[in-house]
Amino acid sequence: MKQKRIFVCAECGGISPRWQGQCPHCGAWNCLQEKAAPKKSGSSRPGVASAPLHAFRNPVPISEYSEQNATPYSSGLSALDRILGKGLMPGGAILMAGNPGIGKSTLLLQLAGSVGAMGHSALYVSAEESLGQVQARAKRLGLLSDKLLALSTTRLEDVLSIFDSPDCPEIMVVDSVQTLSSEGIDGMPGTVSQVRAVSTSLIERAKETGTTLVLVGHVTKDGQIAGPKLLEHMVDTVLSLEGDRQHLFRILRVMKNRFGPCHELLVFEMLSSGMQVVDDPSTFFLQDRDPHLSGTSLVMAADGQRPFAVEIQALVSKSFLAIPRRTALGFDANRLHLLLAVLEKRLHLNLSQVDIYAKIGGGMRMTDPGLDAGIVAAVLSSFYDKPLPEAAVVWGEIDLNGQVRPVSSHDIRMKQAQRLGYGPIVAPYAEGSGVRTIAELQNRLFGGGRK
């Protein structure tokens, strides 16, 4: 018999019986690829049971349902337990993504090691490294233990067989989901069809057995998680490990969490002994800041419910170019262009003959709208060559009319600034020193302009 052919979308993984110029599922153009249709078997997917063991085929009153073994257990890292909710949930699926070399494998090996040290069984599955490489990292981190098991394979079937063994681990780390492949699915590892089949099989089997599953995900060049968007919808928690590999700190963000708070973050410092939690990151990013220099400002930023102080640096220098240069590091360059246009319009400053460079100190990258006031303060400080008051802290969003608008987590920022002893506090609705426009901000910090 002639083998049936299908057309699979390279963008969303949708299946079409015939070729079309546009995918009928996601609307992308010229993305359908011809493949052989998979052979039918007793199960809808290889290695997957017809229905999860915990599934109920008949509706039940939600008030009478009682799930067993749903008590979370500690990961051994109290700070990680806090941002996850109450710890690791049996049967929960966690996806961690990040740039290459950012420290995902190191952090998750530490997680598996700390869980094993607390008496739980942990398995680290590596599809990218050999057992020798995993052992060398575990030895460097001081994590060698009989409770920490390791497996090196790229076959999904090898991993699924572990769920059927009597020694099924309580937590399983799979590094990474893009490098595993199923024998029953056509295509190379990392393709949409392979990622969807691998992740679906692992998540369903983890929920059947009550194993906590942690998947490592690759990212694209623009920072998005590689593979189908379905992967982020299927898991219970999505974590993103960010930072600059040239700096020591890393930020772990909670992008999605069904068991606890969302948009939380945790700051780590990369050391030779592994990732160490920064207990109080309030002033960690200032890095021996000299408040007597011009062109710097202190901003009380907030990411989720965690406030911390960051330094904004700016340099305004005479330009010898026909088009002055504008450079922004750590935030969107278009944001700098917008704020400079507001300064020229509302404060009547001539910035057309100067180059302007601005960055966030410590190698951070942020999108907090409260940084606007800090960027403006740093640019004005460098433009007037006049430092801000030594302990001054600012925050606020600048609109196109030059007004300083309040931002989220205002009370949290205020309490943290007062706890650290900063003052004056220049922000919208700040008691005694609140500002409404950038003209008031300039008068408050510089007395109206130049010396």
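This section reports on the structure supplied with the text. No experiment lies behind these values; they were computed from the predicted model shown.

1. Considering the pairing of strand β6 (residues 148-152)
In summary, the side chains of a regular strand alternate between the two faces of the sheet.
Move 1: As paired strands, strand β5 (residues 122-126) and β6 are joined by five bridges and run parallel to one another. Among the inter-strand pairings, A122 is bridged to a residue of β6, identified as L148.
Move 2: In this fold, the crossover linking β5 to β6 by way of helix α3 (residues 131-141) has right-handed handedness.

2. Re the state of the cysteines
Move 1: Under the definition given, this model contains zero disulfides.
Move 2: C23 takes part in no disulfide bond, and the closest cysteine sulfur, belonging to C9, lies 3.7 Å away.

3. Quick notes on the environment of L156
Move 1: Residue placement: L156 occurs in helix α4 (residues 156-163).
Move 2: Note: C-alpha distance between L156 and S272 (116 residues apart in sequence) is 33 Å.
Move 3: Leave out the neighbours within four places in its chain, and L156 touches L180, S181, S182, A197, V198, S201 and L202.

4. Some remarks on the nonpolar core
Move 1: Grouped together as the largest cluster of nonpolar side chains are 62 residues, with contacts concentrated most on V310, L343, M364, L371, W395 and L445.
Move 2: A per-element tally of this core places helix α8 (residues 371-384) first, with ten residues.
Move 3: Excluding anything up to four places from it in sequence, M364 contacts F249, I251, F285, F308, V310 and G330.
Move 4: With 33 residues, the next largest nonpolar core counts M96, V173, V214 and F268 among its residues.

5. A few points about the side chain of D399
Move 1: If you trace the backbone, D399 turns up in the loop between β18 (397-398) and β19 (404-405).
Move 2: According to the relative accessible area criterion, D399 is buried, its value standing at 10%.
Move 3: Within polar-contact distance, the side chain of D399 engages the backbone nitrogen of Q403 at 2.7 Å.
Move 4: If we ignore the near neighbours within four places in the chain, the residues touching D399 are V342 and R405.

Procedures and definitions
Residues numbered from 1 in each chain as written. Predicted model: local features only at pLDDT ≥ 70, side-chain atom pairs only at ≥ 80, totals over all residues. Heavy atoms only, no water. Pairing = 2+ DSSP bridges. Helix = DSSP H or I, 4+ residues; strand = E, 2+ residues; numbered from the N terminus. Right-handed = clockwise from strand over helix to strand, strands pointing away. Disulfide = S-S within 2.5 Å. Contact = heavy atoms within 4.5 Å. Core = buried A, V, L, I, M, F, W, Y, C linked by side-chain atoms within 4.5 Å. Buried < 20%, exposed > 50% of the residue type's maximum accessible area, 1.4 Å probe, protein only. Polar contact = N/O pair within 3.5 Å; in protein donor to acceptor, adjacent residues only side chain to side chain.

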